[in-house]
Amino acid sequence: MANGTYTPAAARGGHDRLIEPAVLARLNNLELVARTAVEGALIGLHRSPSFGFSQEFAEYRGYMPGDDPRDIDWNVYARTDRTYVKRYYGDTNCRLMVLLDSSASMASLAEDAVGKLDYARFFAAALVYLAHRQHDAVGLLAFNDRVHHFRPPTGRGASVRALYHELDQLEADGGSDWTLPLKQVQGQFRKAGLIVLISDFYTDPDELATVLRGLSANGHDLLLVHILDPAEETPALAGATTLRDAETGEVMEVTGEELKTEYPARLAAHSNRLKQLTLGMGGHYLKVVTHEPLDRVLAGYLHFRARHP
């Protein structure tokens, strides 16, 4: 994977079908959310996206219990009266692991807005759908201060559908500890693949880098998806304000002047540090805000990956 960074704003000129996050939130089926976003994103792409997923045909093999019936080649069945599924090189060569932060800081900051955890689960579900659509194995690890959902990469239809259910059950709660999930992935995800980390990254970038370097050294490709709420990018607070850390409960006083000057500079420095450490490991960094239409974000990123495979 070539290193690089993609900004969703870069997609604005070439993608007309925009599905607002609030519309996705009203859909009561996460697989439908994923399909809607992915199919919207793929409009206008003239070739398969280079995202670590492969569509190159390898061979036929006999249908086995647990295989997705959608993979059956019905033309072959009509000729032979036997059920065969298509195998792709991606079935064995490409694996995707999604790490999703469900700590308390990922909760929604406004009742009428799509929260960071909702947007994160939409993004993760879209990647699951895209990987399975292209016959790649996909897994999930969700965590806060402990690992509470882990499924190793699989291409089986029933297991993939279980991933949507687990994503749908996540709640924003607790603190965050990146050490445990990253070490678990490093220990159990030995074959090189693509690891996607989705979080607001309320953590010290240098501490995160220590563990990420272990994954990169093992040959894994990395994508950091940095999710922010609009209120985090542009706080609407005026005057002196008391802020409480959602994860630790720590309270601090800030002035309106600090919010206008020091906070934007610190946020920019934090985001830039995350980006630079990711690029330094040959990975990709993607920052999105929860009001960005998901299909536009996906479309722009897939275009970016097509140019920077």
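Residues numbered from 1 in each chain as written. Predicted model: local features only at pLDDT ≥ 70, side-chain atom pairs only at ≥ 80, totals over all residues. Heavy atoms only, no water.

**Student:** Give a description of helix H8 (residues 205-217) that names residues and reports values.
**Tutor:** With 13 residues, H8 should reach 18 Å at 1.5 Å per residue; the first-to-last C-alpha distance of 18 Å fits that figure. Along its length, H8 shows its largest kink, about 30 degrees, at Val211. Of all the residues in H8, the buried ones are Pro205, Leu208, Ala209, Val211, Leu212, Gly214 and Leu215. The elements touched by buried residues of H8 are helix H7 (179-188), strand S7 (194-199), strand S8 (221-228) and helix H11 (262-280). Measuring from the side-chain oxygen of the N-cap residue of H8 to the backbone nitrogen of Asp206 gives 2.8 Å; that N-cap residue is Asp204. Among the residues trailing H8, Gly219 stands out with phi positive, at a value near 95 degrees. (Helix = DSSP H or I, 4+ residues; strand = E, 2+ residues; numbered from the N terminus. Expected span 1.5 Å × (residues − 1). Bend = angle between axes of the 7 residues up to and from the residue. Buried < 20%, exposed > 50% of the residue type's maximum accessible area, 1.4 Å probe, protein only. Contact = heavy atoms within 4.5 Å. Polar contact = N/O pair within 3.5 Å; in protein donor to acceptor, adjacent residues only side chain to side chain.)

**Student:** Describe the nonpolar core, naming the residues involved and giving the relevant values.
**Tutor:** The nonpolar side chains of a soluble globular protein tend to be buried, and buried together. Phe123, Ile198 and Val225 are the most contacted members of the largest nonpolar core, which has 50 residues in total. Leaving out residues up to four positions away in the same chain, Ile198 has contacts with Val98, Leu99, Leu100, Asp101, Ala120, Phe123, Ala124, Val225 and Ile227. Core analysis: the next-biggest nonpolar cluster, separate from the first, contains 22 residues, Ala209, Val211, Leu222 and Leu224 among them. (Core = buried A, V, L, I, M, F, W, Y, C linked by side-chain atoms within 4.5 Å.)

**Student:** Before we move on, could you go through helix H5 (residues 116-133) and cite the residues and values that matter?
**Tutor:** With 18 residues, H5 should cover 26 Å at 1.5 Å per step; its first-to-last C-alpha distance of 25 Å lies within 8% of that length. Counting buried positions along H5 gives 16 out of 18 residues, so the element sits mostly inside the fold. Two residues or fewer past H5, His135 is found with a positive phi of approximately 65 degrees.

**Student:** Give me the packing of aromatic side chains: which residues, what numbers.
**Tutor:** For the structure on display, the rule yields two aromatic pairs. Note on Phe143 and Trp178: the rings are 4.7 Å apart at their centroids and 65 degrees apart in plane angle, and the pair reads as edge-to-face. Here Phe143, found in strand S5 (residues 137-143), pairs with Trp178, found in the loop between helix H6 (157-169) and H7; they are 35 residues apart in sequence, far enough to count as distant. With relative accessibility at 0%, the residue Phe143 sits in the buried group. Ring centres 5.3 Å apart and planes at 10 degrees place the aromatic pair Trp178 and Phe201 in the stacked group. (Phe/Tyr/Trp six-rings, centres within 6.5 Å; stacked < 30°, edge-to-face > 60°.)

**Student:** Now, about the pairing of strand S4 (residues 95-101): what can you tell me, with residues and values included?
**Tutor:** Within S4, seven of the seven residues are buried, which leaves the element mostly enclosed by the surrounding structure. The side-chain alternation of S4 yields two buried faces, one formed by Arg95, Met97, Leu99 and Asp101 and the other by Leu96, Val98 and Leu100. By the bridge criterion, seven bridges tie S4 to S5 in an arrangement that is parallel. By the bridge assignment for S5, Leu99 is matched with Leu141. (Pairing = 2+ DSSP bridges.)

**Student:** Can you tell me about the pattern of salt bridges, naming the residues and giving the values?
**Tutor:** Considering all chains together, one arrives at eight salt bridges under this definition. Salt-bridge contacts for Asp200 lead to Lys116; the nearest nitrogen and oxygen are separated by 2.9 Å. Placement of Asp200 in the loop between S7 and H8 and of Lys116 in helix H5 is noted, with a sequence separation of 84 residues between them. A relative accessible area of 0% places Lys116 in the buried class. Here Lys116 and Glu232 are joined by a salt bridge, their closest N and O atoms 2.6 Å apart. Of this pair, Lys116 sits in helix H5 while Glu232 sits in helix H9 (residues 230-233); the two residues are 116 residues apart in sequence, bridging distant segments of the chain. With respect to class, Lys116 is no different from Glu232; both count as buried. Overlapping salt bridges bring together Lys116, Asp200 and Glu232 as one network. (Salt bridge = Lys/Arg side-chain N within 4 Å of Asp/Glu carboxyl O.)

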